[in-house]
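Next come the chains, spelled out residue by residue.
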Amino acid sequence: MFRFLITMVLALLWSVSGAGNSHDVHRILVLGDSLSAAHGIDGDAGWVSLLEMRLSEREPRWDVRNASVGGETTAGGRSRLPGLLDETHPDVLILQLGGNDGLRGLSLRAMRGNLEAMLDAAEAAGAEVLLVGIEIPPNYGPMYTDRFRSVFSDLAAERDLAFIPFLLEGVALEPGMMLDDGIHPGAEAQPRILENVWSELEPMLDRLE
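None of these values were measured; they are calculated from a predicted model.

Conventions adopted
- Residues numbered from 1 in each chain as written.
- Predicted model: local features only at pLDDT ≥ 70, side-chain atom pairs only at ≥ 80, totals over all residues.
- Heavy atoms only, no water.
- Pairing = 2+ DSSP bridges.
- Helix = DSSP H or I, 4+ residues; strand = E, 2+ residues; numbered from the N terminus.
- Right-handed = clockwise from strand over helix to strand, strands pointing away.
- Salt bridge = Lys/Arg side-chain N within 4 Å of Asp/Glu carboxyl O.
- pLDDT = per-residue confidence, 0-100.
- Contact = heavy atoms within 4.5 Å.
- Buried < 20%, exposed > 50% of the residue type's maximum accessible area, 1.4 Å probe, protein only.
- Polar contact = N/O pair within 3.5 Å; in protein donor to acceptor, adjacent residues only side chain to side chain.
- Core = buried A, V, L, I, M, F, W, Y, C linked by side-chain atoms within 4.5 Å.
- Axes fitted to C-alpha atoms, helices over the stretch in contact; angles between N-to-C directions.
- Parallel < 35°, antiparallel > 145°, perpendicular 65-115°, else oblique.
- Nonpolar A, V, L, I, M, F, W, Y, C, P; charged D, E, K, R; others polar.

### Side note on the pairing of strand E2 (residues 62-66)
1) Next: Bridge analysis of strand E1 (residues 26-32) against E2 gives 5 bridges, and the strand direction is parallel. In the sheet register, Leu-29 faces E2, and the bridge partner there is Arg-65.
2) Next: Handedness of the β-α-β unit built from E1, helix H2 (residues 47-55) and E2 comes out right-handed.

Listed below in structure tokens is the structure:
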């Protein structure tokens, strides 16, 4: 009987210790499109993989889940996000969607509604959001491109979000940085993209640790 009690006490102490250690692991969920899915390059060279490498030396530990899918729209992200939040329980959501809505000329009102729904879901799940904006080519016309850009900046201002206005700042117009399609960044661009993200992400991590 005494041995049984000792075993139970040790098991209880182990479970409590394990539960405590689990809180030392923070989680980042990246929900994006091909710009975050390493389209056209080795996956290990993508900015999300580079982020994982940078965070591997950080304590407490940060795990990164990349749920980015090439061709994803805000509607697709909205449908997938609740399940991802339930599965990963992230401390931080990096939300990088909207580019495909713009390239397809989809309704900006619907895009904003989808982004708002995802922001609401993240807030309800206790995740802080880093909102990532993107630009679309000028051939869509100044009115559409201006309204498209404003969707991101307005949401960031209204909700006081950490915000990157343009993921490809310092990349999109630089020689040798983009793939031949002119839309997707090459491997050489990924470290710069990481720095664009890191400038806003690092203060969030510092605050949450």
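### Let's talk about the pattern of salt bridges
1) Next: Applying the stated criterion across every chain, the model contains 12 salt bridges.
2) Next: With a closest N to O distance of 2.5 Å, Arg-58 and Glu-209 form a salt bridge. With Arg-58 in the loop between H2 and E2 and Glu-209 in the segment after helix H7 (190-208), the pair connects residues that are 151 residues apart, well separated along the chain.
3) Next: As a salt-bridge pair, Glu-128 and Arg-207 come within 2.3 Å of each other at their nearest N and O atoms. Here Arg-207 lies in helix H7 and Glu-128 lies in strand E4 (residues 128-132), a separation of 79 residues in the sequence.
4) Next: Through salt bridges that share partners, Arg-58, Asp-206 and Glu-209 make up one connected network.

### So, the confidence of the model for the protein
1) Next: For the protein, per-residue confidence averages 91 on the pLDDT scale, and residues scoring 70 or more make up 89% of the total.
2) Next: The low-confidence segment residues 2-22, where pLDDT is below 50, has 0 contacts with residues more than four positions distant or belonging to other chains.

### Some details on the side chain of Thr-88
1) Next: Within the fold, Thr-88 resides in helix H3 (residues 74-88).
2) Next: You can call Thr-88 buried: its relative accessible area is 9%.
3) Next: Polar contacts involving the side chain of Thr-88 include one to the main-chain carbonyl oxygen of Leu-84, which spans 2.7 Å.
4) Next: When neighbours within four sequence positions are excluded, Thr-88 is seen to be in contact with Arg-27, Leu-29 and Arg-65.

### Points about the nonpolar core
What tends to happen in soluble globular proteins is that the nonpolar side chains get buried as a cluster.
1) Next: Ile-28, Ile-94, Leu-95 and Leu-201 are the most contacted members of the largest nonpolar core, which has 58 residues in total.
2) Next: The leading source of residues in this core is H7, at 7 residues.
3) Next: Once residues lying within four places of it in the same chain are set aside, the contact partners of Leu-201 are Ile-28, Leu-51, Val-92, Ile-94 and Leu-130.

### A short note on the packing of H3 against helix H5 (residues 108-124)
1) Next: Direction vectors running N to C along H3 and H5 enclose 10°, while the axes themselves pass 9 Å from each other. Here H3 lies roughly parallel to H5, going by the angle between them. Across the interface between the two elements, Thr-74, Ala-75, Gly-77, Arg-78, Leu-81 and Leu-85 of H3 pack against Met-111, Gly-113, Asn-114, Leu-115, Ala-117, Met-118, Ala-121 and Ala-122 of H5.
2) Next: Across the contact of H3 with H5, the residue classes tally to 9 nonpolar, 4 polar and 1 charged.

### A short note on the pairing of E4
1) Next: Counting buried positions over the 5 residues of E4 gives 4, a clear majority of the element.
2) Next: Sheet topology note: the strand E3 (residues 92-96)/E4 ladder contains 4 bridges and is parallel. Considered in E4, the bridge of Val-92 is made with Glu-128.

### What to know about the sheet that holds E1
What links the strands of a sheet is backbone hydrogen bonding, and the strands pair in either a parallel or an antiparallel sense.
1) Next: One open sheet accounts for 5 strands, arranged E2-E1-E3-E4-E5; its pairing is parallel. Each end of this open sheet is capped by a strand with a single partner; those strands are E2 and strand E5 (162-164). Going across the sheet, the axis of each strand differs from the next one's by a mean of 20°, ignoring polarity.
2) Next: Of the pairings in the sheet, the one linking E4 to E5 comprises 3 bridges and is parallel in character. Of the residues in E5, the one forming a bridge with Leu-130 is Ala-162.
3) Next: Strand contacts of H3: E1, E2 and E3, with the helix running at about 165° to E1, the strand carrying the most contacts.

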